[in-house]
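Summary of the model geometry
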Amino acid sequence: MSKLSAALNINDSIRIKTFELIGNKFKVKIPLSSEMEAISERIKDAPKEKVDARFDKMVNAVKKETVAGVEFVNDDIVIDGKPMNLRDTCVSVIQMEQRILEYFKLLIPESGDFSDITYEDIEAEFPMAVQFEMLERITESIQPGYKEARKN
């Protein structure tokens, strides 16, 4: 317990918010600024091996189909003469998956813990639309007003 928490006689429960989604209640632990910075760093740093694996998966999926106007040039897919910057897309996808994972780890489970949860675990349980809805609700819990501020 910190000096401030001891003086005010408060515990970590002050850092917990709840939200409801489709009749289910969820608890979220609000991260400290230092914790949020660490989360942001983990999201930003897309591991090269994950990016490479996603890239290979996407390229192999396209290579299976013979499509007019599609060619492979310098480790990228070019459609009708326009490069797709596939590797950048892969980085963005991995970062989004990492954001979902990191934010799900802020949820307080009813039993057990989320220390070893993976994005694949989340993907197996929740459709993408629900993942995005959960991400939005968790974001609103940990950063109230963030959505409004982004509009400006």
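Residues numbered from 1 in each chain as written. Predicted model: local features only at pLDDT ≥ 70, side-chain atom pairs only at ≥ 80, totals over all residues. Heavy atoms only, no water.

Here we look at the pairing of strand β4 (residues 76-79)
With four bridges joining them, strand β3 (residues 70-73) and β4 adopt antiparallel strand pairing. Across the sheet, V73 pairs through a bridge with D76, a residue of β4. Once β3 ends, the chain turns through two residues before running back antiparallel as β4, passing N74 with a positive phi of about 45°. In this structure, β4 lies alongside strand β5 (residues 82-83), joined through two bridges in antiparallel fashion. The partner of V78 across the bridge, within β5, is P83. The antiparallel hairpin formed by β4 and β5 contains two residues in its connecting segment, where D80 sits at a positive phi of about 50°. (Pairing = 2+ DSSP bridges. Helix = DSSP H or I, 4+ residues; strand = E, 2+ residues; numbered from the N terminus.)

Focus on the packing of aromatic side chains
Following the criterion strictly, the structure yields two aromatic pairs and no others. Considering the side-chain rings of F19 and F26, the 5.3 Å spacing of their centres and the 25° angle between planes classify their relative orientation as stacked. Directly above the aromatic system of F55 lies the positively charged group of R87, at a separation of 4.1 Å from the ring centroid. (Phe/Tyr/Trp six-rings, centres within 6.5 Å; stacked < 30°, edge-to-face > 60°. Lys NZ or Arg CZ within 6 Å of the ring centre and 35° of its normal.)

What about the confidence of the model for the protein chain?
Taken as a whole, the protein chain shows an average pLDDT of 85; of its residues, 89% reach a score of 70 or greater. Here helix α7 (residues 146-151) stands out as the element of the protein chain with the lowest mean pLDDT, 60, in contrast to helix α5 (residues 119-125), whose mean of 96 is the highest. (pLDDT = per-residue confidence, 0-100.)

Here we look at the sheet that holds β4
Strand pairing in a sheet is mediated by backbone hydrogen bonds. Such pairs are either parallel or antiparallel. With respect to topology, three strands assemble into an open sheet ordered β3-β4-β5, the strand pairing being antiparallel. Strands at the two margins of the open sheet, each flanked by one partner only, are β3 and β5. Packed onto the sheet, helix α3 (residues 48-64) meets β3 and β4 and runs at close to 140° relative to β3. (Contact = heavy atoms within 4.5 Å. Axes fitted to C-alpha atoms, helices over the stretch in contact; angles between N-to-C directions.)

Focus: the pattern of salt bridges
All chains considered together, the criterion is met by seven salt bridges. A salt bridge links E41 to K44; the shortest N-O distance between them is 3.4 Å. Residue E41 and its partner K44 are both found in helix α2 (residues 33-44); the two are separated by three residues, about one turn of the helix. The class of E41 is partly exposed, set by a relative accessible area of 39%. Three or more residues joined by partner-sharing salt bridges are found here, namely K48, D52 and R87. (Salt bridge = Lys/Arg side-chain N within 4 Å of Asp/Glu carboxyl O. Buried < 20%, exposed > 50% of the residue type's maximum accessible area, 1.4 Å probe, protein only.)

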